[in-house]
Each structure stands twice: as structure tokens, then as C-alpha cells.
Amino acid sequence: MFEGSHAVAHGHHHHHHHVDPEAGDRRVIAAVVVNLGLTIAQIIGGILSGSLALIADALHNFSDAISLLIAFAARKIARRPRDATMTFGYGRAETVAALINYTTLILIGLYLLYEAGARFLDPQPVEGWLIVIVAGIALVVDLVTAMLTFAMSKTSMNIRAAFLHNVADALGSVAVIVAGVLILLFGWWVVDPILTVLIAGYILWQSVREIGPVMRVLMLGSPPEIETEAVLQAVRDTEGVSGIHHAHFWQMTEARASLDAHVVIEEGAWTRADAVKAAIKARLRDTFGIDHSTLELECARHACVEATTFGGANRDAPGRT
């Protein structure tokens, strides 16, 4: 749940607090069970009352249960140790799960807009009392589920995706209750599809906004909280360094920033190249929170020719790559 472009004085790792994995698993399972039960109740209530908004809330709630199941599976997979197949480990399983969850939400939002449009063209009678009762129960369950996942949502975009499902659900339940009251008092059946459009709009807005950071991790984008030029300048300013190129900034997971680069050692400083590299790594870790860095050292006389700052060397340029 992933910011700004300023360089970070304290590393990204300072912003993440550890949550006991097993306690988190129990919370996720409890939330899944509660949401599946609620989904069944809402679908029955929606069919009996004729409320599209209630069925919309049920569909969204079902997606909550599925998203939590995916989140649970991803958390388990992410804890696997590195092996010959996955040398970086399985941490990105949670990022993939977040992508699946947000994509599902977007599809649900579009489907609800379609159904609401059909209901505008062909209004249906709606039973207000049943809507209020079922939506009231749903609101309580949504709030309980949100509380179960809130703490974990601060440290995982995967759990944050599931948490936002529940926040949207809770707001949807409040809106459905209001719609039920308006139908009871004034017989305004048109409120039901209007409310469905609002729920769908909120789902789409949240999902499109939150899917960006997920895509950034999967596309190997640079960490959003790190100003890359400031990092490069800090490396250049390290004693014994004359330049840096072939830089690749990326995130191994949401919480781990990484840098691969070629570092040019000044003439006459090659005998202390190891000490220079250690100084660079310490600065990357302590100042910018980059705890995974791979640095290829080059002496000034034999450095890459016409190398670009980011990425690899120009294909037509002579010299090493």
C-alpha cells in the first residue's frame, strides 16, 4: 500500500514494523471465515429484497474473502527460503497477490456499473427493511474484518489490498443502509442503482490508485521514496570514487530497496578498493535504506567507455560491459 521524490534521511527499512507471522495468519483465516458467512447472507438478502446494491455489496464482500485467501497463501509462500529455482526468494508472491486482488476489484467495479445501468433502464421494486437489516449485519462484519487486518496492512501491500477491500465494503454497507431507509420512507427505488454506481466508482478509484505501486515493483521500477540522483551523488562523493554508471535501482519486495551499479575507482586508489566499496555500502544502507547492493568495481584507466548512468552501456560503444 504503496511517497514523494525527496531523498530519505532514514532508510526505508525504518518504516516497517515486524508482525508475528503466525498471529497474522490466524487473523487472516478468521477474516476469511467471517466474510464467507456474510457473503452468503447478503446474497440471500439481496435476492429476497430485490436490491442490486445489496448484491453488489455481497459480490464485493466475496472478493474480500477471496483476496484474503490469496493474501494468506502469498504470506505462506513468501516465507519459503531461497533455493536454486528462486534465488531471490519468494517475497514477491505477496506483490503478485496484490496485483490479482486489485485486478479483480477493477473487474467487479466495471461489472457493477454495467448492472446499475441495466437497472436504471428497468427499475425494480426493492424491500427496504430487509436491506437495512442485512446491511447492518454486514457493516459490523466489515468493521471486525478491517480491525483484524489493519495492523498488518501497514507492512504489506498484499494485506493492504485485502484491507482496502474491507474499507470499501464498510462504506458500501453504510450507503446501503441509507438507501434502505430512503426506500422505506419515500419509496425511491432509483436510489438502489444510484448507490450501486457510487460503490462501483469508489472501488475503481481505490483500485486504480493502489495498483500503481504494485506494478512499479513488478516492473522493476526504482523505489518511490528514494531520489535516485541523490544516491548516485552520495556514491560519487565517497572518497576514492571517480564515477558511477550502469545503475539499476529496484525493489526486491515492497520493503527492500536494491542497487546494482558499476563504480569507478580513482587512479591510485585501487589498493584500497575493498575499503571504498565497504564505505559505499555502509552509506547506501545507513542513509538511504538500500540494504542490497551489488557493486562492480572498475579502475579509472579501464572503465566502461560511453557508459550510460542508468542501465547498460550503449550497444555500439567500445569497452567492457
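Every value quoted in this text rests on a predicted model; they were computed, and no experiment measured them.

(A) Geometry of the nonpolar core. In terms of nonpolar packing, the biggest core is built from 23 residues, with Val-231, Leu-259, Val-263, Ile-280 and Ile-290 touching the most fellow members. Elements supplying a minimum of two residues to this core: helix 7 (228-236), strand 1 (241-253), strand 2 (256-265), helix 8 (273-288) and strand 3 (290-299). When near neighbours in sequence (up to four residues on either side) are disregarded, Val-231 contacts Ile-226, Phe-249, Leu-259, Leu-284, Phe-288 and Ile-290.

(B) How the structure looks around the environment of Arg-272. With respect to the element layout, Arg-272 can be found in the loop between strand 2 and helix 8. Counting along the chain gives 32 residues from Arg-272 to Gly-240, while the straight-line C-alpha distance between them is 8.3 Å. Excluding residues that lie within four positions of it along the chain, Arg-272 makes contacts with Glu-239 and Gly-240.

(C) Structural view of the environment of Asp-169. By the element assignment, Asp-169 lies in helix 5 (residues 157-186). On a C-alpha basis, the gap between Asp-169 and Leu-143 in space is 8.9 Å, while along the polypeptide they are 26 residues apart.

(D) Spotlight on the sheet that holds strand 3. Spatial ordering of the open sheet is given by 1-2-3, a layout of 3 strands whose pairing is mixed. The sheet is open, and its two borders are formed by strand 1 and strand 3, each paired with just one other strand. For this sheet the average axis-to-axis angle between neighbouring strands, irrespective of direction, equals 15 degrees.

(E) Region of the structure containing unusual backbone geometry. A positive phi angle is found at Leu-220, which is not glycine, with a value near 60 degrees. Looking at where Leu-220 falls in the secondary structure, it is placed in the loop between helix 6 (191-218) and helix 7. Although it is not a glycine, His-246 adopts a positive phi angle of roughly 55 degrees. Topologically, His-246 is positioned in strand 1. Given the relative accessible area of 5%, His-246 is considered buried.

(F) Layout of the packing of aromatic side chains. Taken as a whole, this structure holds 1 aromatic pair when the rule is applied. Arranged with centres 6.1 Å apart and planes meeting at 45 degrees, the rings of Tyr-202 and Trp-205 form a pair that is tilted. Of the two residues, Tyr-202 and Trp-205 both sit in helix 6, 3 residues apart, roughly one turn of that helix. Positioned over the ring face of Trp-205 is Arg-209, at 4.7 Å from the centre of the ring.

(G) Seen up close, the packing of helix 3 (residues 93-121) against helix 6. Where helix 3 contacts helix 6, the axes come no closer than 8 Å and their chain directions differ by 155 degrees. By the angle class used here, helix 3 and helix 6 are roughly antiparallel. Remark: the crossing between helix 3 and helix 6 carries left-handed chirality. In terms of residue class, the contact of helix 3 with helix 6 is built from 23 nonpolar, 5 polar and 3 charged.

Basis of the calculations
Residues numbered from 1 in each chain as written. Predicted model: local features only at pLDDT ≥ 70, side-chain atom pairs only at ≥ 80, totals over all residues. Heavy atoms only, no water. Core = buried A, V, L, I, M, F, W, Y, C linked by side-chain atoms within 4.5 Å. Buried < 20%, exposed > 50% of the residue type's maximum accessible area, 1.4 Å probe, protein only. Helix = DSSP H or I, 4+ residues; strand = E, 2+ residues; numbered from the N terminus. Contact = heavy atoms within 4.5 Å. Pairing = 2+ DSSP bridges. Axes fitted to C-alpha atoms, helices over the stretch in contact; angles between N-to-C directions. Phe/Tyr/Trp six-rings, centres within 6.5 Å; stacked < 30°, edge-to-face > 60°. Lys NZ or Arg CZ within 6 Å of the ring centre and 35° of its normal. Parallel < 35°, antiparallel > 145°, perpendicular 65-115°, else oblique. Left-handed = near helix turned anticlockwise from the far one by under 90°. Nonpolar A, V, L, I, M, F, W, Y, C, P; charged D, E, K, R; others polar.

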